[in-house]
Amino acid sequence: MAQKFLTLGQFIIERQADFPYAKGELSRLLRDIGIAAKIVNREVNKAGLMDIIGDVGSQNVQGEAQKKLDVFANEQFIAALSSGGECCAIASEENDEMIHIESAVSKNAKYVVSIDPLDGSSNIDVNVSIGTIFSIYRRISLGGLATMNDFLQKGTQQVAAGYITYGSSTMLVYSTGHGVNGFTLDPSIGEFCLSHPDMKIPRDGVIYSINEGNYVHFPDGVKKYLKYCQVEEEATNRPYSSRYIGSLVSDFHRNMIKGGVYIYPSTAKSPKGKLRLLYECNPLAFIVEQAGGLASDGFNRILEMQPKSLHQRCPLFIGSYEMVKKAEEFMQKYSTPEVQ
Ligand code: P6P
């Protein structure tokens with residue numbers, strides 16, 4: 001029977017022509033990420049059965065209790081990126097400092113990767129979907145060990161970015177700057193197969209995604225925008241629907257398919273917002289812009305922000321073009337930018 005789907009590997013090779021001067025390193029790097037994703041997926045799907053849920057007792061750099069699956073996922077992506085030979089250093093949510101890959105092959109590799117190996121891990125124990133987010137840059141330092149500057153490049157400099165969502169099905173969605181493509185894991189053959197070619201986020205939508213439990217601490221612009229979403233006006237399809245899974249990748253992916261806006265603004269508990277610029281905001285901003293959407297901190301384009309540290313946080317307004325624009329209007333009218 002003729003093969004119906006294009007596998008991730010076949011697709012990467014076919015699209016290698018997008019990079020006339022590349023020698024296949026980025027292709028191999030994306031393949032390495034796909035391999036780790038399949039291994040993590042296998043464990044995520046068994047988490048309820050295996051003794052690998054529940055706190056491992058340690059804390060990550062965020063001071064959050066590390067779930068065993070967090071630790072496992074981090075180890076798998078580091079191992080796959082290390083053995084693949086195309087990445088010379090990694091910045092991970094689970095590690096305070098950057099990780100140098102010093103094997104003979106990797107230390108001169110062209111790329112660095114920032115990664116949130118398992119985002120939304122507080123949902124592991126309640127069987128809610130979770131995800132991985134990654135961002136790939138070409139190193140700018142010349143030889144030797146990678147430096148902080150290799151990681152603190154603006155989001156516009158990403159050569160690729162993507163996410164994996166471990167949900168009702170497991171999907172890998174990524175972009176190399178030539179559009180966004182989604183692959184669904186077919187467990188029967190153990191391959192990611194092209195299921196969502198050339199993804200575009202709907203230009204407008206009727207879903208807003210935010211933790212309204214923090215309402216009293218939101219900037220006035222966010223409070224006013226939420227009230228706008230809740231006003232009844234048939235002509236503009238309001239009131240909108242509120243959907244909040246509490247897992248960024250899941251909320252983002254739903255909006256990519258159906259349209260919508262996800263907002264994590266500054267709050268009293270998180271004055272710079274909660275989400276991380278390097279391995280959450282930048283990669284998703286890269287993808288959403290490639291799909292026709294927008295991503296800002298309420299005032300400034302995420303991809304233009306100059307990172308200052310590996311784990312810095314920033315407010316995030318991301319999703320359908322018209323919805324982000326409208327939210328920004330309220331921010332510009334009723335709030336002031338965070339001093340960066
Ligand atoms: P809150 C998960 O911890 C996460 O980083 C995102 O996946 C999610 O959208 C957000 O934080 C949830 O945060 O404060 O609403 O529980």
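Residues numbered from 1 in each chain as written. Predicted model: local features only at pLDDT ≥ 70, side-chain atom pairs only at ≥ 80, totals over all residues. Heavy atoms only, no water.

Colleague: Whenever I open this one, the site of the ligand confuses me. Can you help?
Modeller: In the region of the ligand, the neighbouring residues are Asp119, Gly120, Asn211, Tyr244, Gly246, Ser247, Leu248, Tyr262, Tyr264, Lys274, Leu275 and Glu280. A distance of 2.5 Å separates an oxygen atom of the ligand from a polar atom in the side chain of Asp119. A distance of 2.7 Å separates an oxygen atom of the ligand from a polar atom in the backbone of Leu248. Here the ligand, which alone exposes 400 Å², has 80% of that area covered by the protein. Taken together, the residues that form the shell around the ligand break down as 5 nonpolar, 4 polar and 3 charged. (Near = heavy atom within 4 Å. Polar contact = N/O pair within 3.5 Å; in protein donor to acceptor, adjacent residues only side chain to side chain. Areas by Shrake-Rupley, 256 points an atom, 1.4 Å probe, with all protein chains shown as cover. Nonpolar A, V, L, I, M, F, W, Y, C, P; charged D, E, K, R; others polar.)

Colleague: Looking at this structure, how should I read the pattern of salt bridges?
Modeller: Oppositely charged side chains can pair when the atoms bearing their charge come close. Applying the stated criterion to the full structure yields 13 salt bridges. Between Glu289 and Arg301 there is a salt bridge; the shortest N-O distance is 2.7 Å. On the criterion of sequence distance, the pair formed by Glu289 in helix H7 (residues 277-290) and Arg301 in the loop between strand S14 (294-296) and strand S15 (316-319) is long-range, its members being 12 residues apart. Put simply, Glu328 and Lys325 hold a salt bridge, and the shortest N to O gap is 3.9 Å. Taken together, the residues span about one helical turn, with Glu328 and Lys325 both in helix H8 (residues 321-334) at a distance of 3 residues. The class of Glu328 is buried, set by a relative accessible area of 9%. Linked by salt bridges that have partners in common, Lys154, Glu289, Arg301 and Glu304 make up one network. (Salt bridge = Lys/Arg side-chain N within 4 Å of Asp/Glu carboxyl O. Helix = DSSP H or I, 4+ residues; strand = E, 2+ residues; numbered from the N terminus. Buried < 20%, exposed > 50% of the residue type's maximum accessible area, 1.4 Å probe, protein only.)

Colleague: Honestly, the nonpolar core in this entry has me stumped. Any pointers?
Modeller: For soluble globular proteins, nonpolar side chains are generally found buried alongside one another. By size, the foremost hydrophobic cluster in this structure holds 40 residues, and its most contacted members are Phe77, Leu118, Phe134, Ile136, Tyr166 and Tyr174. If you tally residues by element for this core, the top one is helix H2 (residues 25-46), at 8 residues. With residues up to four places along the chain from it excluded, the contact list for Phe134 reads Leu30, Ile33, Val113, Ser114, Ile115, Ala161, Gly162, Tyr163, Ile164, Tyr174 and Pro283. Membership of the second largest hydrophobic core comes to 30 residues, among which are Ala285, Ala295, Ile302 and Leu316. (Core = buried A, V, L, I, M, F, W, Y, C linked by side-chain atoms within 4.5 Å. Contact = heavy atoms within 4.5 Å.)

Colleague: I keep staring at the packing of helix H6 (residues 248-258) against H7 and nothing clicks. Help me out?
Modeller: Working note: a packed helix pair is described by the angle between its axes plus the distance between those axes. Remark: H6 packs on H7, axes separated minimally by 12 Å, with the N-to-C direction vectors making an angle of 10 degrees. What the angle tells us is that H6 and H7 run roughly parallel. Facing H6, whose interface residues are Leu248, Phe252 and Met256, H7 presents Glu280, Leu284, Ile287 and Val288. (Axes fitted to C-alpha atoms, helices over the stretch in contact; angles between N-to-C directions. Parallel < 35°, antiparallel > 145°, perpendicular 65-115°, else oblique.)

Colleague: Where do I start with the domain arrangement of the chain in this structure?
Modeller: Frequently, the measure chosen for interface size is the accessible area that the parts lose on association. As assigned here, the chain comprises domain 1 (8-196) and domain 2 (207-334). For domain 1 versus domain 2, the distance between C-alpha centres works out to 24 Å. On the side of domain 2, 33 residues touch domain 1, which itself brings 48 residues to the contact. For domain 1, the biggest contributors to the area lost against domain 2 are Leu152, Lys154 and Tyr163; these three give 21% of the whole. Note that Lys154 and Glu304 form a salt bridge whose closest N and O atoms lie 3.8 Å from each other. At the boundary of domain 1 with domain 2, the tally comes to 13 residue pairs in polar contact (both at pLDDT 80 or more). Broken down by secondary-structure element, the contributors of at least two residues to the side of domain 1 that touches domain 2 are strand S3 (87-92), strand S5 (111-119), strand S6 (130-138), helix H4 (148-151), strand S7 (160-166) and strand S8 (170-175). Of the residues that constitute the side of domain 1 that touches domain 2, the class distribution is 19 nonpolar, 22 polar and 7 charged. (Domains from an automatic or database assignment. Buried area = accessible area lost by both parts, 1.4 Å probe.)

Colleague: What's the story with the side chain of Thr165 in this structure? I'm lost.
Modeller: Counting through the fold element by element, Thr165 comes out in strand S7. On the basis of relative accessible area, Thr165 is assigned to the buried category, the value being 7%. Those residues in contact with Thr165 that sit more than four places away from it in its chain are Ile130, Gly131, Thr170, Met171, Val249, Ser250 and His253.

Colleague: Explain empty space enclosed by the protein to me, please; I cannot follow it from the model alone.
Modeller: Using a probe with the size of a water molecule, rolled over the atoms, empty space left in the structure can be pinpointed. Per the counting criterion, the structure on display carries 3 cavities of 30 Å³ or more. When its volume is computed, the largest cavity comes out at roughly 140 Å³. When contributions to the lining of the largest cavity are tallied by element, the ones reaching two or more residues are helix H1 (8-15), H2 and S8. Class assignment for the residues of the lining of the largest cavity results in 7 nonpolar, 7 polar and 2 charged. (1 Å grid on protein atoms, 1.4 Å probe; cavity = no way out; pocket = protein on both sides within 12 Å on 5 of 7 lines; lining within 4 Å. Points joined across faces, edges and corners; volume = space filled by probe spheres on them.)

Colleague: Honestly, the sheet that holds S7 in this entry has me stumped. Any pointers?
Modeller: Strands belonging to one sheet form pairs held by backbone hydrogen bonds; the direction of such a pair is parallel or antiparallel. Strand order in this open sheet of 8 strands is S4-S3-S5-S6-S7-S8-S9-S10, and the pairing throughout is mixed. The open sheet has two free edges, formed respectively by strand S4 (99-100) and strand S10 (191-196), since each of these has just one partner strand. Where strand S9 (residues 180-186) and S10 come together, 5 bridges link them in antiparallel fashion. Bridge pairing links Leu185 to Phe192 in S10. Here H6 sits on the sheet in contact with S5, S6, S7, S8, S9 and S10, set at roughly 105 degrees to S7. (Pairing = 2+ DSSP bridges.)

Colleague: Could you clarify how one ought to interpret the state of the cysteines in this entry?
Modeller: Covalent bonding between the sulfur atoms of two cysteines is what defines a disulfide. One pass over the full model with this rule turns up 0 disulfides. We note that Cys314 lacks a disulfide partner, and the nearest cysteine sulfur, in Cys281, lies 3.6 Å from it. By relative accessible area, Cys314 is classed as buried at 1%. (Disulfide = S-S within 2.5 Å.)

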